[in-house]
Amino acid sequence: MSTPKKRSHQIILFVLLAILALFFLAPMLIVFMNSFKSKFFISSEPFKFPNADTFTGRENYIEGARKIKFANAFGYSLFITVFSVIGISLATSMLGWYLTRVKTWFTTTVYYLLVFSMIVPFQMVMFTMSKTANMLHLDNPIGILVLYIGFGAGLGTFMFSGFIKTIPLSLEEAAMIDGATAPQTFFMIVYPMLKSTAITVAILNAMWVWNDYLLPYLTIGIEYKTIPVAIQYLRGGYGAVDMGAMMAMLVLAMIPIIIFYLAMQKHIIQGVIAGAVKG
Amino acid sequence: MQKSIQKYAALFVLPALTCFVIAFLVPMIMGVVLSFFRFTTVLDGHFIGMENYRRIFIDREFTNALIFNIRFTLISVVTINLGAFALALLLTAGIKGTNVFRTIFFMPNLIGGIVLGWIWNLIINGVLYSKGMTVVSDPKYGFWGLVVLMNWQNIGYMMVIYIAGIQNIPVELIEAAKIDGAGQGTLLKSVIIPSIAPSITICTFLTLTSGFRLFDQNLALTAGDPGKQTEMLALNIFNTFYGRTGFEGVGQAKAVLFTILVALIALTQLAFSRKREEEAA
C-alpha cells in the first residue's frame, strides 16, 4: 500500500481523476457563470467570467422567470411528479402483488402486456394517446396523472412482482387463516416489506416524470407548461433565442435536481442500478 | 388463498390497469391499425392498405434519419462503454476521494434531455464562435455535438453499473490470479472482463436503446438543423406527425417500423442474457 512507487502512482491517478471531474462539472459551471452575463455577450464570449461591462446581476433570472412563468412551471412539475410517483407506487405494488399471487390466464396476459409496453417507444403511441387524452378530458395536471400511471405501470409492476416472488408465502397465509382480508393482508403485511423496491420505483419514476418533455408538451403544453416544456418554449418560433434568460432558467431547472441528488445520492445510484439490471 | 384474493380483484387490478389501457393499450392498438389508414384526427380514417408504408420512402428523410441514427448510436455505444469502463477501473483502484468522483461523474445523468441539449448548445456554439459558425452550420457539428452530449450524460451511468460488476468479483479470484503471477494486463483480460460480461451486455444494450430513442437532446441541441440533416428517427417521426399536414398516417407507419427496430434490439438482449444464464447453469 505504502511503497513510494505505489504512492506516486496513486497521486497521478488522483490528479487525472480530478481533471476529469472538472471536465464533467465544467458545462454546468459555464452555464451558471453565463447566467449573470448580459445576453449580448453570451454567444461571443461564453468562456469568460462576467466583468463590469457584461455583468447583469439578477436581470436574466427576472426576465426569464417572467417570460416562461417559471414559478408556475415549477409548481406544475412538482405537483405532477409527486402525485404520479405516489400513484404509480401504490397502483403498481397492488397490481404486482395480485399478478404474482393469483395465477390465471388473465393475470399472465396482463403481465406480458405490461412487460411489452416497456419496450415500445413513446413515438408509437404519441399521436393516438394525445388524441385519446383529449377526448377523455385528461388534458390537465390531474388528468395527466392517469397517463403517467399508465406509462409507469410496466416498470413498476415488473419490479414489484419481481421482489414479491422472493417473499415466502407463509406470512400472508398465516394472516389470511387468522381472518385477514386480502386488502388487510396486503397493506399490513406485504406493503411494509416492499420499502426498498418502493424507493427504487419512486426514484426512477421521479427522474422520468420530472424531466419528461413530450408527454406534457403534447397533452397539457399550451395551458400548463412544466419546466422542460417552458424551457423549450424559450426557443420560440424562428426568432433568436434569448440566451441570457435561457442560461438563468437552465440554472433554476438544475438546482432542484442537484439538491435532490445530493440528499438522496445513495438511494438514487442504487435505484438506477437496480432499474438497469432488472429493466 | 388465491380465491380470497380474487374477491378483491377490482381493487387491486383496476387502478393500474385502467390507466394502462387508456394511456397505452388502446393508443397502441389504434396506432397499429391507423398505420394502414389515411387520417388527420383519429376518427376520420380511410383504409389505404400499405400506402403509408410506401410513402415513407417517397423522399429520403426517413432513410437519412435512420443512417444518421445508426452512425450516432454505434459511435456512442463504443465511446460511452470504453469511457465508463475505464472510469470504473480507476474508481475501484482504492484511490482517495472515490465517492466524490463517483458523485460528480454520475450527476449529468439526472439532468433532463431538454436542459442537456441547451447546455451543450451554449458550449458548442461558444467553441465555434471564433470560426463564425454555430452547431447548425454543418451537420458534422451537430453529429459530434450529440455524441459528446450523449457521452457526458451516460458515461457516469454506465460507470456505476461497471463498478457494481467489478465489486462483485470475488476477492479470492483476483488474489489467486496475482499469486499465479498475472500482471495488470492479464488480470484485466482473463479475470476482470470475463467476470463482468453481464454488466457489459446490460450497458451495451442500454446505450444502444437510448441512442435509438433519443429525442429531447436532439430537439434542444439542433432541432434537426441544418435542413433535417441532424434529425434522428424519433424526431423525424415527431416532425412527420406534427410538421406535415396529410402525413399523419405516414408518421404512424414510421412509428411502427421504429417500434419493430427497438423491439428487435430488446429481443436480442433477452436472447443474449438467456444464453448466458443457460451457460452459467
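Residues numbered from 1 in each chain as written. Chains lettered and ligands numbered in written order. Predicted model: local features only at pLDDT ≥ 70, side-chain atom pairs only at ≥ 80, totals over all residues.

Visitor: Explain the overall build of chain B here, please?
Guide: Helices and strands together make up the secondary structure of chain B, namely 13 helices and two strands. Over its C-alpha atoms chain B spans a radius of gyration of 23 Å, topping by over 25% the 19 Å that the globule rule assigns to 281 residues. Its C-alpha atoms give chain B principal-axis dimensions of roughly 75 × 75 × 30 Å. Counting over 281 residues, chain B shows a buried share of 43%. Long-range contacts, defined as pairs at least 24 residues apart, comprise 72% of the intrachain contacts of chain B with a sequence gap of at least 6. (Helix = DSSP H or I, 4+ residues; strand = E, 2+ residues; numbered from the N terminus. Rg over C-alpha atoms; globule rule 2.2 N^0.38 Å. Buried ≥ 20, exposed ≤ 12 C-beta atoms within 10 Å, placed from the backbone. Contact = placed C-beta atoms within 7 Å.)

Visitor: Where do I start with the overall build of chain A in this structure?
Guide: In terms of helices and strands, chain A carries 13 helices and zero strands. In sequence order, chain A lays out its α and β elements as α-α-α-α-α-α-α-α-α-α-α-α-α. Its C-alpha atoms give chain A principal-axis dimensions of roughly 80 × 70 × 30 Å. In chain A, which comprises 279 residues, the share counted as buried stands at 45%. A separation threshold of at least 6 residues defines the contact pool for chain A, and within that pool the share at least 24 residues apart is 74%.

Visitor: Would you mind showing me how to read unusual backbone geometry here?
Guide: In terms of backbone geometry, most residues other than glycine have negative phi values and most peptide bonds are trans. Residue Pro226(B) is bonded to the preceding Asp225(B) through a cis peptide linkage, with omega at -5 degrees. At His137(A), a position not held by glycine, the phi torsion is positive, near 60 degrees. In this structure, His137(A) sits in the loop between helix 6 (122-135) and helix 7 (143-164). When the 8 C-beta atoms within 10 Å are taken as the criterion, His137(A) is described as exposed.

Visitor: Before we go on, may I ask you to explain the domain arrangement of chain B in this structure?
Guide: You'll often see interface size given as the accessible area lost when the parts meet. All names here are of chain B. The domain boundaries assigned to chain B delineate domain 1 (2-52) and domain 2 (59-280). Here the C-alpha centroids of domain 1 and domain 2 sit 31 Å apart. With nine residues of domain 1 at the contact, the number on the domain 2 side is seven residues. Put simply, the parts of the chain that give the side of domain 1 that touches domain 2 at least two residues each are helix 2 (9-34) and strand 1 (37-38). Per element, the largest residue contribution to the side of domain 1 that touches domain 2 is three residues, and it comes from helix 2. Considering only residue class, the side of domain 1 that touches domain 2 consists of four nonpolar, four polar and one charged. (Domains from an automatic or database assignment. Nonpolar A, V, L, I, M, F, W, Y, C, P; charged D, E, K, R; others polar.)

Visitor: When you look at the domain arrangement of chain A in this model, what are you seeing that I'm missing?
Guide: Assigned domains of chain A: these are domain 1 (4-57) and domain 2 (69-233). Here the C-alpha centroids of domain 1 of chain A and domain 2 of chain A sit 39 Å apart.

Visitor: I keep staring at the confidence of the model for chain B and nothing clicks. Help me out?
Guide: As a general rule, the predicted coordinates of low-pLDDT regions are not to be interpreted in detail. Averaged over every residue, the pLDDT of chain B is 91; the share at 70 or more is 100%. This complex was scored by the predictor with a pTM of 0.92 and an ipTM of 0.91. (pLDDT = per-residue confidence, 0-100.)

Visitor: Help me understand the interface of chain A and chain B, please; the structure alone is not making it clear to me.
Guide: Facing the 70 residues of chain A at the interface are 79 residues of chain B. With 13 residues, helix 13 (residues 243-278) of chain A is the largest single contributor of residues to the side of chain A that touches chain B. Class assignment for the residues of the side of chain A that touches chain B results in 53 nonpolar, 14 polar and three charged.

Visitor: Honestly, the nonpolar core in this entry has me stumped. Any pointers?
Guide: Most often, soluble globular proteins keep nonpolar side chains buried together rather than apart. Ranked by size, the top nonpolar core spans 157 residues in total, and within it Met249(A), Leu250(A), Ala84(B), Val115(B), Met159(B) and Tyr162(B) carry the most contacts. Setting aside anything within four residues of it in sequence, one finds Leu250(A) in contact with Val31(A), Ile231(A), Val115(B), Trp118(B) and Ile119(B). (Core = buried A, V, L, I, M, F, W, Y, C linked by C-beta atoms within 7 Å.)

Visitor: How should the packing of helix 7 of chain A against helix 2 of chain B be read in this particular structure?
Guide: The axes of two packed helices give the description: the angle between them and the distance between them. Running from N to C, helix 7 of chain A and helix 2 of chain B cross one another at 110 degrees; their axes reach a closest spacing of 7 Å. As summarised for this structure, helix 7 of chain A and helix 2 of chain B are arranged roughly perpendicular, according to the angle between their axes. For helix 7 of chain A against helix 2 of chain B, the interelement crossing comes out left-handed. Between helix 7 of chain A, through Val146(A), Leu147(A), Ile149(A), Gly150(A), Phe151(A), Ala153(A) and Thr157(A), and helix 2 of chain B, the contact on the second element is made entirely by Ala16(B), Cys19(B), Phe20(B), Ile22(B), Ala23(B) and Phe24(B). (Axes fitted to C-alpha atoms, helices over the stretch in contact; angles between N-to-C directions. Parallel < 35°, antiparallel > 145°, perpendicular 65-115°, else oblique. Left-handed = near helix turned anticlockwise from the far one by under 90°.)

Visitor: Which parts of the structure should I look at to understand the confidence of the model for chain A?
Guide: On average, residues of chain A score 91 in pLDDT, and 97% of them reach the 70 mark or higher. Mean pLDDT across the secondary structure elements of chain A bottoms out at helix 2 (residues 39-42) of chain A, with 82, and peaks at helix 4 (residues 70-101) of chain A, with 96.

Visitor: What's the story with the packing of helix 3 (residues 59-68) of chain A against helix 4 of chain A in this structure? I'm lost.
Guide: Residue and element names in this part refer to chain A. The N-to-C vectors of helix 3 and helix 4 enclose an angle of 60 degrees; their axes lie 6 Å apart at closest approach. Relative to helix 4, the element helix 3 lies oblique. Facing Gly64, Ala65 and Ile68 of helix 3, the residues of helix 4 in contact are Phe70, Ala71 and Ala73. Broken down by class, the residue content of the contact of helix 3 with helix 4 amounts to five nonpolar, one polar and no charged.

Visitor: Can you walk me through the environment of Gly243(B) in this structure?
Guide: Residue and element names in this part refer to chain B. Structurally, Gly243 is set in helix 12 (residues 233-243). In this structure Gly243 comes out as exposed when scored by C-beta crowding, with 12 C-beta atoms within 10 Å. In this structure the C-alpha to C-alpha distance between Gly243 and Val127, which are 116 residues apart in sequence, comes to 31 Å.

Visitor: I'm lost on helix 9 (residues 182-193) of chain A in this one. Help?
Guide: Count 3.6 residues to each turn of an α-helix, and residues three or four apart come out pointing the same way. Look at helix 9 of chain A: 16 Å from first C-alpha to last across twelve residues, which is about the 16 Å you get at 1.5 Å a residue. Residues of helix 9 of chain A that are buried: Ala182(A), Thr185(A), Phe186(A) and Val190(A). Summarising the axial view, the buried residues of helix 9 of chain A lie within an arc of 95 degrees, below the 170-degree limit, and thus occupy one face. In helix 9 of chain A, the exposed positions that point more than 90 degrees away from the buried face belong to Met188(A) and Pro192(A). For helix 9 of chain A, the secondary structure elements touched by its buried residues are helix 4 and helix 8 (170-177) of chain A together with helix 1 (2-6) of chain B. (Expected span 1.5 Å × (residues − 1). Arc of directions from axis to C-beta.)

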